[in-house]
Amino acid sequence: MGFEQDKKTGDVGEDVSLAMFRNADIYCEKNDDMSTRYEFDLDCDTFKCEVKTDMMSIKTGNLAIEVENCGYGTPSGLAATKSEVWVEVLPTSSASIDPNSPDTYEIWIADTEELKSYMRANKPDNKFTGAGDGNALVWLYKKSIMLTAVFTRVDNATPEELNGMIYKILKG
C-alpha cells in the first residue's frame, strides 16, 4: 500500500473509532507522541486503544494481526502494544472507508490480552512479511473465525452497550 496511503487509511480508522467513543461519552484523543506511538493509538479516559484498519480483509477473508516491524526486527502491533482494547476497523466493500458513511465500515473490539491468548493458542493460517507500509510481519487468521472467537462488533452498539463492553474488558 505504501507508507503515505497506509497512514491515511490508519488515520481514517482512528477517526471513526474516536467518533464512536466520543458518541458514547468516552473521551479519547489520538496519541501524537512519537515516543509512544508504537504502544497505542488512542488515549481514552481509563484505557488505551490500538486501532487497526484492515482494508485487505474484504478481499482475502483474513484478519492480519501485526506482530513485528521486520524492517527493524522489533516487536510492533500486538507484540508491542500497551493497550487494553484492540480495535479493528473493517471495510464493508472493496472501495474505501468513508468516515461520513457508517455503512462503509464495521468496528470490532477485543480485550488485547484475550487476543494475545487466542494467538498463542491458535497457529495462524499464514504469515506474511511486507504488509502495510512494507515493514510489517502479520499473522493471518480467517476473519469469520477470529471475529466470532475474540471480537465484538460495536459500530452498531448503543452508547450504553459500548460502555458496558469497555467496562467488561477493563474489569476482566
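Conventions adopted
- Residues numbered from 1 in each chain as written.
- Predicted model: local features only at pLDDT ≥ 70, side-chain atom pairs only at ≥ 80, totals over all residues.
- Heavy atoms only, no water.
- Buried < 20%, exposed > 50% of the residue type's maximum accessible area, 1.4 Å probe, protein only.
- Helix = DSSP H or I, 4+ residues; strand = E, 2+ residues; numbered from the N terminus.
- Pairing = 2+ DSSP bridges.
- Expected span 1.5 Å × (residues − 1).
- Arc of directions from axis to C-beta.
- Contact = heavy atoms within 4.5 Å.
- Axes fitted to C-alpha atoms, helices over the stretch in contact; angles between N-to-C directions.
- Phe/Tyr/Trp six-rings, centres within 6.5 Å; stacked < 30°, edge-to-face > 60°.
- Lys NZ or Arg CZ within 6 Å of the ring centre and 35° of its normal.
- Parallel < 35°, antiparallel > 145°, perpendicular 65-115°, else oblique.
- Left-handed = near helix turned anticlockwise from the far one by under 90°.
- Core = buried A, V, L, I, M, F, W, Y, C linked by side-chain atoms within 4.5 Å.

Comments concerning the pairing of strand 9 (residues 136–142)
Counting buried residues along strand 9, five of its seven residues qualify, which places the element largely inside the surrounding structure. Pairing analysis gives seven bridges linking strand 4 (residues 62–69) to strand 9, with the strands arranged antiparallel. Looking at the pairing, Asn69 lines up with Ala136 of strand 9. The sheet contact formed by strand 8 (residues 126–131) and strand 9 spans five bridges and is antiparallel. Bridge pairing in strand 9 places Phe128 opposite Val138.

Considering helix 5 (residues 159–171)
Between its first and last C-alpha atoms helix 5 spans 18 Å; for 13 residues at 1.5 Å apiece the expected length is 18 Å, and the two agree. Considered for burial, the residues of helix 5 that qualify are Leu162, Ile166 and Ile169. Taken down its axis, helix 5 places every buried residue within 60° of arc, on the same side. Residues of helix 5 that are exposed and angled more than 90 degrees away from the buried face: Glu160, Tyr167, Lys168 and Lys171. Gly172 sits one or two positions beyond helix 5 and adopts a positive phi of about 65°.

Concerning the sheet that holds strand 4
Note: strands within a sheet are paired through backbone hydrogen bonds, in either parallel or antiparallel orientation. Taken together, the four strands give an open sheet; going across it, the order is 5-4-9-8, and neighbouring strands pair in antiparallel fashion. Only two strands of the sheet have a single neighbouring strand rather than two, namely strand 5 (74–75) and strand 8. In the packing of helix 4 (residues 143–150) onto the sheet, contacts are made with strand 4 and strand 9, and the angle to strand 9 comes to roughly 85°.

Digging into the packing of aromatic side chains
For the structure shown, the criterion picks out two aromatic pairs. The interplanar angle of 65° and the centroid separation of 5.7 Å between the aromatic rings of Phe21 and Phe47 together place this pair among those described as edge-to-face. Of the two residues, Phe21 sits in helix 1 (residues 3–23) while Phe47 sits in the loop between strand 2 (42–44) and strand 3 (48–53), which places them 26 residues apart along the sequence. The pair Phe21 / Phe47 is uniform in exposure class, with both members buried. The residue whose ring lies beneath Lys48 is Phe40, and the NZ or CZ to ring-centre distance is 4.8 Å.

A short note on the packing of helix 3 (residues 112–121) against helix 4
As a packed pair, helix 3 and helix 4 sit with axes 10 Å apart at the nearest point and diverge in direction by 130°. In terms of axis orientation, helix 3 runs oblique to helix 4. Between helix 3 and helix 4 lies a crossing whose hand is right-handed. Where helix 3 approaches helix 4, its residues Glu114, Leu115, Tyr118 and Met119 are matched on the opposing element by Ile145, Met146, Ala149 and Val150.

Digging into the nonpolar core
Of all hydrophobic cores here, the largest spans 24 residues; its most connected members are Phe21, Ile26, Cys49, Val87 and Leu162. Listed by contribution, the elements that provide at least two residues to this core are helix 1, strand 2, strand 3, strand 6 (85–91), strand 7 (105–111) and helix 5. A per-element tally of this core places helix 1 first, with four residues. Other than its neighbours up to four places away in sequence, Phe21 contacts Ile26, Cys28, Leu42, Phe47, Cys49, Val87, Leu162 and Ile166. In terms of nonpolar packing, the next biggest core, distinct from the first, is built from 17 residues, Ile65, Val67, Leu115 and Val150 among them.

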